[in-house]
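# Analysis of the macromolecular model
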Amino acid sequence: MTRHLLRDDDLTSAEQAEILALAAAMKEDPFGLVDGGVGKPLAGPHTVAMIFDKATLRTQTSFSAGIAELGGNPLLVDGALAGIGRRESVADVARVLGRQVSAIVWRTFHQSDLEQMAELSGVPVVNALTDDFHPCQLLADLLTVAEHKGELAGLTATFLGDGACNVGNSWLLAGALAGMHIRMSSPEGYLPAEEIFARAKEIAATTGGSVTAVADPVAAVAEADVVITDTWVSMGKEDEAAARRAVFAPYAITGELLSLAASDAVVLHCLPAYRGFEITAEVIDGPQSVVWDEAENRRHVQKAVLAWLHERRGW
């Protein structure tokens, strides 16, 4: 059966750890072979289609560079020109691409479209961001935290702001898989959906982690090992900017709020960041910020995901 990475819990806890270990090895030796001889699994080269329906910087550059480092051919499919779901159905595009490429990376809006692509293409499909989940970002986040804090299991991570966004959803699932204690701190009405909480709690019960909602940002940050935020105005919600900034203002990561976390806490932001809103300049540009490591690590974890999927499909 073809494996995909469509949401964070497509992986087991052991598989997540396996991919993170492979990513760390690939980061250490980006152009060489790592354990098991997985150095250039896309040599041939295999072509990987990259489709971008949403604005992108880190996703496009990290996948393009990573696929090339794996010996593959990164094929940019312009989402505007392809008109997937408008000019042609997702089903038809899936059947066409599946005969042209070895894998598909898609940054799009609807999770259901991604799932249909995976169902019909016959090749591995990787979620490069949907409105619901951002699993590649979370693998990069976890690799970054592991680099700076050591073992992931047992760490407390606090997500502040719009918990109902894709990164918030993914932090619940991926953090639970890693055995971490995840605190979601959001205003009323902006927490992840109950089914995401329920799934994360189910996972956490098997890994020793936990997931909780803590409305008060002060209590949520207290003694946290990791403090995370994302933009308050996600793509497609620009008309809500003023209202959202008013609601989320108490959840901004400031130096004062960060001082309540553990003294060696690290700060994550998946970028782009809006200094003075969800995070202050003194924090994101300060010594506890690891956002630039986090951005780089997208390449390494995405290489590991593609290599891992390659091994299971037997290209």
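Each remark here, short or long, concerns the structure printed above.
What comes next concerns the included structure. (Residues numbered from 1 in each chain as written. Predicted model: local features only at pLDDT ≥ 70, side-chain atom pairs only at ≥ 80, totals over all residues. Heavy atoms only, no water.)

### Considerations on the side chain of Thr158
Spelled out, the test is: Numbering of helices and strands runs from the N terminus; a helix is a DSSP stretch of H or I covering at least four residues, while a strand is a stretch of E covering at least two. Here's how the labels work: a residue is buried when its accessible area is under 20% of the maximum for its type, exposed when over 50%, partly exposed in between, all with a 1.4 Å probe on protein chains only. Two N or O atoms count as a polar contact when they lie within 3.5 Å, although within protein this holds only if one can serve as hydrogen donor and the other as acceptor, and sequence-adjacent residues are included solely when both atoms are side-chain atoms. Whether two residues touch is decided by their heavy atoms; if any such pair falls within 4.5 Å, the residues are in contact.
Here Thr158 shows up in strand 5 (residues 156-160). Exposure remark for Thr158: the relative accessible area of 0% places this residue in the buried category. Engagement of the side chain of Thr158 in a polar contact is seen with the backbone oxygen of Ala220, the distance being 2.6 Å. When neighbours within four sequence positions are excluded, Thr158 is seen to be in contact with Arg183, Ala220, Val221, Ala224, Val226, Val227 and Ile228.

### A look at the sheet that holds strand 5
Going by this rule: Between any two strands, at least two bridges found by DSSP are needed for them to pair. Angles run from 0 to 180 degrees between N-to-C directions of axes, and those axes are lines fitted to C-alpha atoms, restricted for helices to the stretch in contact.
Pairing is parallel in the open sheet, where five strands are placed in the order 7-6-5-8-9. Sheet topology places strand 7 (210-213) and strand 9 (266-269) at the edges, where each strand pairs with a single neighbour. Geometrically, the sheet is characterised by an average inter-axis angle of 20° between neighbouring strands, direction not taken into account. Bridge count between strand 5 and strand 8 (residues 226-229): four bridges; the pairing is parallel. Bridge pairing links Leu160 to Thr229 in strand 8. Here helix 7 (residues 166-177) sits on the sheet in contact with strand 5, strand 6 (181-185), strand 7, strand 8 and strand 9, set at roughly 160° to strand 6.

### What to know about the pattern of salt bridges
How we decide: The salt bridge criterion pairs a side-chain nitrogen of Lys or Arg with a carboxyl oxygen of Asp or Glu, the two atoms within 4 Å.
The tally for this structure, following the rule as stated, stands at 15 salt bridges. We note a salt bridge from Glu88 to Arg87, for which the minimum N-O separation is 3.4 Å. A relative accessible area of 32% means that Glu88 is categorised as partly exposed. With a relative accessible area of 62%, Arg87 lands in the exposed category. Residue Asp264 is joined to Lys149 by a salt bridge in which the shortest nitrogen-to-oxygen separation is 3.1 Å. Here Asp264 is found in the loop between helix 11 (255-258) and strand 9, whereas its partner Lys149 is found in helix 6 (residues 135-149), with 115 residues between them in sequence. Look at Asp264 and you get partly exposed, because its relative accessible area is 46%. Ionic contacts of the salt-bridge type, sharing partners, join the residues Arg7, Asp9, Arg199 and Glu202 into one network.

### Structural notes on helix 5 (residues 111-121)
Stated formally: This arc corresponds to the set of directions leading from the helix axis out to the C-beta atoms.
The set of residues buried in helix 5 consists of Gln111, Leu114, Met117, Ala118 and Ser121. Take helix 5 and look down its axis: the buried residues cluster within an arc of 120°, on one side only. On its buried face, helix 5 sits against strand 1 (47-52), helix 4 (90-97), strand 3 (103-107) and strand 4 (125-127). At the C-terminal side of helix 5, Gly122 shows a positive phi close to 80°.

### Overview of unusual backbone geometry
Between Gly44 and the following residue, Pro45, the backbone shows a cis peptide bond with an omega angle of -5°. Its location among the elements puts Pro45 in the loop between helix 1 (13-28) and strand 1. The omega angle of the peptide bond from Leu271 to Pro272 is 0°, so this bond is cis rather than trans. Its location among the elements puts Pro272 in the loop between strand 9 and helix 12 (281-284). You will see that Leu129, though not glycine, has its phi angle at about 135°, which is positive. Mapped onto the elements, Leu129 comes out in the loop between strand 4 and helix 6. Phi is positive for Leu271, which is not a glycine, with a value near 70°. Secondary-structure assignment places Leu271 in the loop between strand 9 and helix 12. Under the relative-accessibility criterion, Leu271 is labelled buried at 12%.

### Concerning the nonpolar core
Short version of the rule: We define the nonpolar core as a collection of buried residues of types Ala, Val, Leu, Ile, Met, Phe, Trp, Tyr and Cys that are connected through side-chain atoms lying within 4.5 Å of one another.
Of all hydrophobic cores here, the largest spans 61 residues; its most connected members are Phe63, Val126, Leu142, Trp171, Leu172, Met180 and Ile182. Residues contacting Ile182, with those up to four places away along its chain left out, are Ala157, Trp171, Leu172, Gly175, Ala176, Ser210, Val211 and Thr212.

### Considerations on the sheet that holds strand 2 (residues 73-78)
What the four strands build is an open sheet, ordered 2-1-3-4; its pairing is parallel. This sheet does not close on itself; its edge strands, each paired only once, are strand 2 and strand 4. If you compare each strand with its neighbour and ignore which way they point, the axes differ by 20° on average.

### Re the packing of aromatic side chains
Quick note on the threshold: Stacked, edge-to-face and tilted are the three classes for Phe, Tyr and Trp ring pairs, Trp counted by its six-membered ring, which pair at centre distances within 6.5 Å; planes under 30 degrees apart are stacked, over 60 edge-to-face, the rest tilted.
Under the counting rule described, the total for this entry stands at two aromatic pairs. Between Tyr190 and Phe248 the ring centres are 4.8 Å apart and the planes differ by 65°, which places this aromatic pair in the edge-to-face class. Of the two residues, Tyr190 is situated in the loop between strand 6 and helix 8 (194-207) and Phe248 in helix 10 (residues 241-248); the sequence distance between them amounts to 58 residues. Its relative accessible area of 0% is what places Phe248 among the buried residues. Measuring from ring centre to ring centre gives 5.8 Å for Trp232 and Phe248, while their planes differ by 35°; the resulting arrangement is tilted. One end of the pair, Trp232, is in the loop between strand 8 and helix 10; the other, Phe248, is in helix 10, and 16 residues separate them in sequence. The same class applies to Trp232 as to Phe248, namely buried.

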